[in-house]
Amino acid sequence: MRVLVIGLDGATFDLIKPFVALGRLPTIEKLMKGGVYGDLISTIPPVTSPAWPSFMTGKNPGKHGVFNFVGKGRGYDRTIKTAKDIKAKTLWRMLSDAGKTCIVINVPVTYPPEKIKGCIVSGILTPPGACYAYPFEVYEELKKMGYTPGMEGIGKHTSPTDLMHHLVEIASKRTRAVLYLMEKFNQWDFCMLVFSGTDVIQHNIWQHRDIILQFYQKIDMFIKDLINKAGNKTNIILMSDHGFGPSRKFFHVNYFLHKLGLLEFKNGDGSGDYLTIRDYRRSKSSFWEIMLKMGITKEKIYNLAKKTNLLPFLQKISRKINIQIPKTKRAIDWKKTKAFFSSSIGPSAAIEINMEGREPEGIVKKEEYHKIRELIIEELLKVRDPENGQNIVQDAFRREDIYHGPYVSEAPDIIFLTQNLEYIATDRIYGNNLVSEPVRKGRGTHRMNGIFIAYGPDIKDTGEDIGRARIIDLAPTILHMFNLEIPEDMDGKVLTNIFKPSSPIAKRPIKYRKITEREKIKERIRKIK
């Protein structure tokens, strides 16, 4: 028995079902009609970095320690989360320990690649020039094939069609690499590939459904190639880490906090980049430095365009301009600030309390913490879009409300979801605007509901919608498919309703095992190495 998992980052049934209805995705249609399918509920936030580790561990972020793309670094800096930050065993580590041969390629948050039986090729956020594969011979072989783990060149394409063709080329290279590795490790048991292009194209050109359809059609063909190579004795899982939908406006969180009297600015010595992401953002150009000295910032350009009714023109030309401009001249006055925006931008974001003793220039005393946090949550749920009167925030949570486990204290103090996840929460400051129109119109952003499709000899062939599954359910389900014990501290449950009643998988009992303290210590030590 083999399992092939194909990830389509950000894929949504809101696009797939209409495309299937038109008869344009024959492979995915075959999987849905000859298997089972349903929504796959992501993590909060529905973001790549916490979602994929939750898939690969079967645990909520409070148990694996990755809550967003970034985590705390030195001072107010942020660092990109890597595989070393995942404080729980991955699915392929457990399969490998059980003697199963695994092929894992382009799954996010897998750099640096861990040593497993088989091979692992890391995905996005792999540092340029780094060794992206284990074992080293796989790295050498893929490098000769021209394989790279990143999404290089995305920003260079101003035409939607050019972007689509570029993403197809990347997806084609991913497919060729997997087909090669299937041949090299021809006794493989578990294989997984993630196509990241679905996420990228939907972020950039959500309004161009015709071009997105063309990309999905190419992916559909690549999926067919992978399934044919895997053979008819393989159980297939097609999944995404979150869904997608349109983005409407920006919600300026730091200005919201400023209006509450919890954040203060100082003028003249800032650039808006108060949360520097170490070793990730490209270095500032000399042009950027000149713009900063001249006081030409995104804030000033936006306000001028809005005041002179030139915003539509700015929106029209923005995609054709690929230059760095400072965000604002305003900086945060930390000695007068009690709370601040602290995550990557998106429809779900986070706020941190500027705690004394925890933050470098923290001013909030321990006894004030709960009062300030409750105030922010209360006000988030009340804040309205001044242009239409609609609530901007749908839900706001204390970290302990949505996470549990040993690493909850590493989570942001407040996590919130915007209304229908259509507002993009951001740290940007655009004058005295609580909300603003996006300069680049027609873009998409994340939703909570991803996709789940299962097909194969052990899977029901009823073509039924099984309802909602959770991303944390897939790791225990796959372990059960291999007749392996499931660690009792996994949060996910086996999806027993996807299997044929006659299947050996359905007939055998689900086995769990206790996690010893020695195992926990051993795993922590392995992550440090």
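Before any of the text, the structure's been laid out above.
In this text, all values refer to a predicted model and were calculated from it rather than measured experimentally.

What counts and how
- Residues numbered from 1 in each chain as written.
- Predicted model: local features only at pLDDT ≥ 70, side-chain atom pairs only at ≥ 80, totals over all residues.
- Heavy atoms only, no water.
- Helix = DSSP H or I, 4+ residues; strand = E, 2+ residues; numbered from the N terminus.
- Buried < 20%, exposed > 50% of the residue type's maximum accessible area, 1.4 Å probe, protein only.
- Contact = heavy atoms within 4.5 Å.
- Areas by Shrake-Rupley, 256 points an atom, 1.4 Å probe, with all protein chains shown as cover.
- Salt bridge = Lys/Arg side-chain N within 4 Å of Asp/Glu carboxyl O.
- Axes fitted to C-alpha atoms, helices over the stretch in contact; angles between N-to-C directions.
- Parallel < 35°, antiparallel > 145°, perpendicular 65-115°, else oblique.
- Left-handed = near helix turned anticlockwise from the far one by under 90°.
- Nonpolar A, V, L, I, M, F, W, Y, C, P; charged D, E, K, R; others polar.
- Pairing = 2+ DSSP bridges.
- Phe/Tyr/Trp six-rings, centres within 6.5 Å; stacked < 30°, edge-to-face > 60°.
- Lys NZ or Arg CZ within 6 Å of the ring centre and 35° of its normal.
- Arc of directions from axis to C-beta.

**Student:** Teacher, can you tell me more about the overall build of the protein chain here?
**Tutor:** Looking only at helices and strands, the protein chain has 18 helices and 26 strands in total. Burial status across the protein chain gives 58% buried among its 529 residues. Considering only intrachain contacts with a sequence separation of at least 6, the fraction spanning at least 24 residues in the protein chain is 74%. Accessible surface for the protein chain amounts to roughly 22,700 Å². Of this, 52% is attributable to carbon and sulfur atoms.

**Student:** What am I meant to see in the pattern of salt bridges here?
**Tutor:** Opposite charge on two side chains permits pairing when their charged atoms draw close. Under the criterion given, the structure shown has 26 salt bridges. For Lys184, the salt bridge is made with Glu137, and the minimal N-O distance between the two is 2.8 Å. Here Lys184 is found in helix H7 (residues 160–184), whereas its partner Glu137 is found in helix H6 (residues 136–144), with 47 residues between them in sequence. The salt bridge partner of Glu422 is Arg248, with a shortest N-O separation of 3.5 Å. Placement of the pair is Glu422 in the loop between strand E18 (414–418) and strand E19 (423–426) and Arg248 in the loop between strand E10 (243–246) and strand E11 (249–252), with a sequence separation of 174 residues. Overall, the relative accessible area of 44% leaves Arg248 in the partly exposed class.

**Student:** Please clarify how unusual backbone geometry should be interpreted in this entry.
**Tutor:** Trans is the prevailing form of peptide bonds, just as negative phi is the prevailing case for residues other than glycine. Each neighbour pair has its own omega, and for Tyr111 with Pro112 the value is -5°, a cis peptide bond. Mapping Pro112 onto the fold places it in the loop between strand E5 (102–107) and strand E6 (118–122). Along the chain, Tyr134 connects to Pro135 via a cis peptide bond; the corresponding omega equals -5°. Mapped onto the elements, Pro135 comes out in the loop between strand E7 (133–134) and H6. The phi angle at Asn420 is positive, at roughly 55°, despite the residue not being glycine. Relative to the elements of secondary structure, Asn420 occurs in the loop between E18 and E19. Even without being glycine, Leu421 reaches a positive phi, approximately 55°. Positionally, Leu421 belongs in the loop between E18 and E19. Take Leu421: its relative accessible area is 5%, and that puts it in the buried class.

**Student:** For this particular structure, what's the right way to read the packing of H6 against H7?
**Tutor:** Each packed pair of helices is defined by two parameters, the angle between the axes and the distance between the axes. Closest axis-to-axis distance for the H6/H7 pair is 12 Å, and the angle between their directions is 135°. Considered as vectors, H6 and H7 are oriented oblique to each other. In terms of crossing hand, the pair formed by H6 and H7 is right-handed. Residues Glu137, Val138, Glu141 and Leu142 of H6 pack against Ala177, Tyr180, Leu181 and Lys184 of H7. Within the contact of H6 with H7, the residues separate by chemical class into five nonpolar, no polar and three charged.

**Student:** Is there a simple way to think about the packing of helix H8 (residues 197–205) against helix H9 (residues 209–230) in this case?
**Tutor:** Running from amino to carboxyl end, H8 crosses H9 at an angle of 175°, the nearest separation of the two axes being 10 Å. Judged by the inter-axis angle, H8 sits roughly antiparallel to H9. Contacts from Gly197, Thr198, Ile201, Gln202 and Ile205 in H8 reach Ile211, Ile212, Phe215 and Tyr216 in H9.

**Student:** What is the right way to look at the pairing of strand E22 (residues 449–455) in this model?
**Tutor:** Within a regular beta strand, the side chains point alternately toward one face of the sheet and then the other, so they alternate between its two faces. Burial analysis of E22 places five of its seven residues in the buried class, the great majority of the element. Examined bridge by bridge, strand E2 (residues 36–41) and E22 share six bridges and lie antiparallel to one another. For Asp39, the partnering residue across the bridge sits in E22 and is Ile451. Where strand E9 (residues 234–239) lies against E22, four bridges are found, and the strand directions are antiparallel. If you follow Ile236 over to E22, its bridge partner there is Tyr455.

**Student:** Any chance you could explain the packing of aromatic side chains here in plain terms?
**Tutor:** Here the structure, examined in full by the defined rule, presents 16 aromatic pairs. Centre to centre, the rings of Tyr76 and Phe340 are 5.7 Å apart; their planes meet at 85°, and the pair counts as edge-to-face. With Tyr76 in the loop between strand E3 (70–72) and strand E4 (78–80) and Phe340 in strand E15 (residues 339–341), this pair connects stretches of sequence that are 264 residues apart. Take Phe340: its relative accessible area is 0%, and that puts it in the buried class. Centre to centre, the rings of Tyr132 and Tyr139 are 4.9 Å apart; their planes meet at 75°, and the pair counts as edge-to-face. Here Tyr132 matches Tyr139 in class, with each residue buried. Put simply, the rings of Trp52, Phe55, Trp92 and Phe190 touch in pairs and so form one group of aromatic residues. Its end group placed over the ring of Tyr407, Lys87 keeps NZ or CZ at 5.0 Å from the ring centre.

**Student:** Which parts of the structure should I look at to understand the pairing of strand E16 (residues 348–353)?
**Tutor:** The element E16 is largely enclosed, with a buried count of six among its six residues. Inspection of the sheet shows E15 paired to E16 by three bridges, in the antiparallel sense. Paired with Ala339 across the two strands is Ile353, which belongs to E16. With four bridges connecting them, E16 and E18 associate as antiparallel partners. When the bridges of E18 are listed, Ala349 appears paired with Phe416.

**Student:** For this particular structure, what's the right way to read the sheet that holds strand E20 (residues 435–436)?
**Tutor:** Picture the strands of a sheet paired through backbone hydrogen bonds; they go either parallel or antiparallel. Spatial ordering of the open sheet is given by E19-E11-E20, a layout of three strands whose pairing is mixed. Looking at which strands have only one partner, the edges of the open sheet turn out to be E19 and E20. Sheet analysis places E11 next to E19, joined by four bridges and oriented parallel. Bridge assignment links His252 to a residue of E19, and that residue is Thr426.

**Student:** Help me understand H6 in this model?
**Tutor:** The α-helix advances 3.6 residues per turn, and as a result positions three or four apart in sequence lie on the same side. Those residues of H6 that sit buried are Val138, Tyr139 and Leu142. One side of H6 carries all its buried residues, which in axial view fall inside an arc of 100°. Exposed and facing more than 90 degrees away from the buried side of H6 are Lys143 and Lys144. Gly146 sits one or two residues past H6 and shows a positive phi near 85°.

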